[in-house]
Amino acid sequence: MARELATAADGEAAPLALHTFPDGETLVRIDAPVAGRRVVLAARLDRPDAKVLPLLFAADALRDLGATALGLVAPYLPYMRQDARFQPGEAITSVTFARLLSAHFDALFTIDPHLHRFARLADLYQLHAQAVAAAPAVAAWVRDTVPRPLLVGPDSESSQWVSDVAARVGAPWTVLDKERLGDRDVRVAWRGQSDWEGRTPVLLDDIISTGHTLLAAAEALQAGGHPRAWCVGVHALFDDNALQALLRAGVERVATCDTVIHPTNAISVVPLLARAVAVWQRGAAPSPDTTA
Ligand code: R5P
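Residues numbered from 1 in each chain as written. Predicted model: local features only at pLDDT ≥ 70, side-chain atom pairs only at ≥ 80, totals over all residues. Heavy atoms only, no water.

Colleague: Would you explain the pairing of strand β10 (residues 185-189) in this entry?
Modeller: Consecutive side chains of a regular strand alternate in pointing toward one face of the sheet and then the other. In β10, alternate side chains face the same way, and those of Val186 and Val188 are buried while those of Asp185, Arg187 and Ala189 on the opposite face are not. Hairpin connection, strand β9 (residues 177-182) to β10: the antiparallel pair is bridged by two residues. (Buried < 20%, exposed > 50% of the residue type's maximum accessible area, 1.4 Å probe, protein only. Helix = DSSP H or I, 4+ residues; strand = E, 2+ residues; numbered from the N terminus. Pairing = 2+ DSSP bridges.)

What follows is the structure, encoded as structure tokens:
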């Protein structure tokens, strides 16, 4: 990812040297001249807790070594779903995480962050934040791969992604009704419509984590008499059993974007990020949040 971003931005890529001491602490070393340069850290931040401290150490070291501006490319932006105190005493980690990154970076580039109670990244992050939509890449893949697609979102939140992809593909779209009762207890209802006969349902969601949302949605579609669904996810977080459970339930194919490395990756979104970074590297301000 760093190499692809560097090529697009007419820069160079350098690995970050990390060493873990026997006591579990991390040493970070930057083996490239950074004084007087704009620097971008590229980090895949799924399963973030072990990665974030080294990331912040690197950012701090880069400033100390003379970098003039610091960007972060995090194709998957974690800690976006805990955007409210759902139970008394809970931490609102979206806000804390945003504060942490904002204190260390000047710019943030990410793909389809889970914006729900905060409408725009700018409402959370105090830096130049650019949310790049995966929709052009997802739409191109659906158009080339799925015969006569019907785009389906598992819940009303997903309408923002589903409507955008459907418009680009020129296909109909709808969303289902979801009720989440627990981490792995999800109910999805299909309201049904008959004039979509002959269409291939493509379930589209931003995040696949336990897979239970798409599993319940695929089962609801099957119960409604539709052909086997395809599943497309932007961020492939997948816990251990999620993919097997989807395939066992009769899903035709599961495809994801490469924001998180996973065997289902079929859609590359790095070129979309590279374009945004190239603009920023030239010294122009990143365009404002584009998905809000
Ligand atoms: C929820 O708000 C998100 O958009 C996804 O639907 C959710 O994170 C999927 O999680 P899981 O795969 O665990 O059902």
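This is not the end of the story, as more comes after the structure.
Colleague: Where do I start with helix α2 (residues 49-64) in this structure?
Modeller: Side chains of residues three or four places apart in an α-helix project in the same direction, reflecting 3.6 residues per turn. In a regular helix each residue adds 1.5 Å, so 16 residues correspond to 22 Å; α2 covers 24 Å between its end C-alpha atoms and thus fits that length. Of the positions making up α2, those classed as buried are Val52, Pro54, Leu55, Leu56, Ala58, Ala59 and Leu62. Along its buried surface, α2 packs onto β1 (16-20), β2 (26-30), β3 (38-42), β4 (69-73) and α3 (93-104). Backbone geometry just after α2 places Gly66 at a positive phi near 105°. (Expected span 1.5 Å × (residues − 1). Contact = heavy atoms within 4.5 Å.)

Colleague: Looking at this structure, how should I read the site of the ligand?
Modeller: As a structural note, the neighbourhood of the ligand is formed by 14 residues, with Asp205, Asp206, Ser209, Thr210 and Thr213 the closest of them. Between an oxygen atom of the ligand and a side-chain N or O atom of Thr213, the distance comes to 2.5 Å. Coverage of the ligand by the protein amounts to 93% of the 380 Å² it exposes when considered alone. Mapped by element, the contributors of at least two residues to the shell around the ligand are β9, β11 (200-208) and α6 (212-223). For the shell around the ligand, the element with the highest residue contribution is β11, accounting for four residues. Class assignment for the residues of the shell around the ligand results in two nonpolar, six polar and six charged. (Near = heavy atom within 4 Å. Polar contact = N/O pair within 3.5 Å; in protein donor to acceptor, adjacent residues only side chain to side chain. Areas by Shrake-Rupley, 256 points an atom, 1.4 Å probe, with all protein chains shown as cover. Nonpolar A, V, L, I, M, F, W, Y, C, P; charged D, E, K, R; others polar.)

Colleague: Teacher, can you tell me more about helix α5 (residues 159-169) here?
Modeller: Listing the buried residues of α5 in full gives Trp161, Val162, Val165, Ala166 and Val169. Along α5, the residues classed as buried sweep out an arc of 120° about the axis, all on the same side. Check the buried side of α5 and you find it contacts α4 (135-145), β7 (149-153), β8 (173-175) and β11. Two residues or fewer after α5 comes Gly170, characterised by a positive phi angle close to 80°. (Arc of directions from axis to C-beta.)

Colleague: How do you make sense of the sheet that holds β4 when you look at a structure like this?
Modeller: In any sheet, the strands associate via hydrogen bonds between backbone groups, in a parallel or an antiparallel arrangement. Pairing in this open sheet of four strands is parallel, and the strands run β3-β4-β5-β6 from one edge to the other. The open sheet has two edge strands with one neighbour each: β3 and β6 (128-132). Neighbour-to-neighbour, the strand axes of the sheet open up by a mean angle of 15°, direction not taken into account. Alignment of β4 against strand β5 (residues 107-111), held across three bridges, turns out to be parallel. By the bridge assignment for β5, Gly71 is matched with Ala107. The strands that helix α8 (residues 270-281) touches are β3, β4, β5 and β6; relative to β5, the one it contacts most, it runs at about 165°. (Axes fitted to C-alpha atoms, helices over the stretch in contact; angles between N-to-C directions.)

Colleague: When you look at the side chain of Ser102 in this model, what are you seeing that I'm missing?
Modeller: Here Ser102 lies in helix α3. Here Ser102 is in contact with Tyr125, Gln126 and Leu127, once residues within four sequence places are set aside.

Colleague: Explain the side chain of Thr264 to me, please; I cannot follow it from the model alone.
Modeller: Residue placement: Thr264 occurs in the loop between β13 (253-257) and β14 (265-267). Looking at Thr264, its side chain comes within polar contact range of the side chain of Thr256, at 2.8 Å. With near-sequence residues (within four places) excluded, Thr264 lies in contact with Ala236, Phe238, Leu243, Val254, Ala255 and Thr256.

Colleague: What am I meant to see in the packing of α4 against α5 here?
Modeller: Relative orientation and spacing of two packed helices are given, respectively, by the angle between their axes and the distance between those axes. Put simply, α4 and α5 touch, their axes get as near as 9 Å, and they point 50° apart. Considered as vectors, α4 and α5 are oriented oblique to each other. Crossing of α4 against α5: the hand is right-handed. Across the interface between the two elements, Ala135, Pro136, Val138, Ala139, Val142 and Arg143 from α4 touch Asp164, Val165, Arg168 and Val169 from α5. Considered class by class, the residues forming the contact of α4 with α5 number seven nonpolar, no polar and three charged. (Parallel < 35°, antiparallel > 145°, perpendicular 65-115°, else oblique. Left-handed = near helix turned anticlockwise from the far one by under 90°.)

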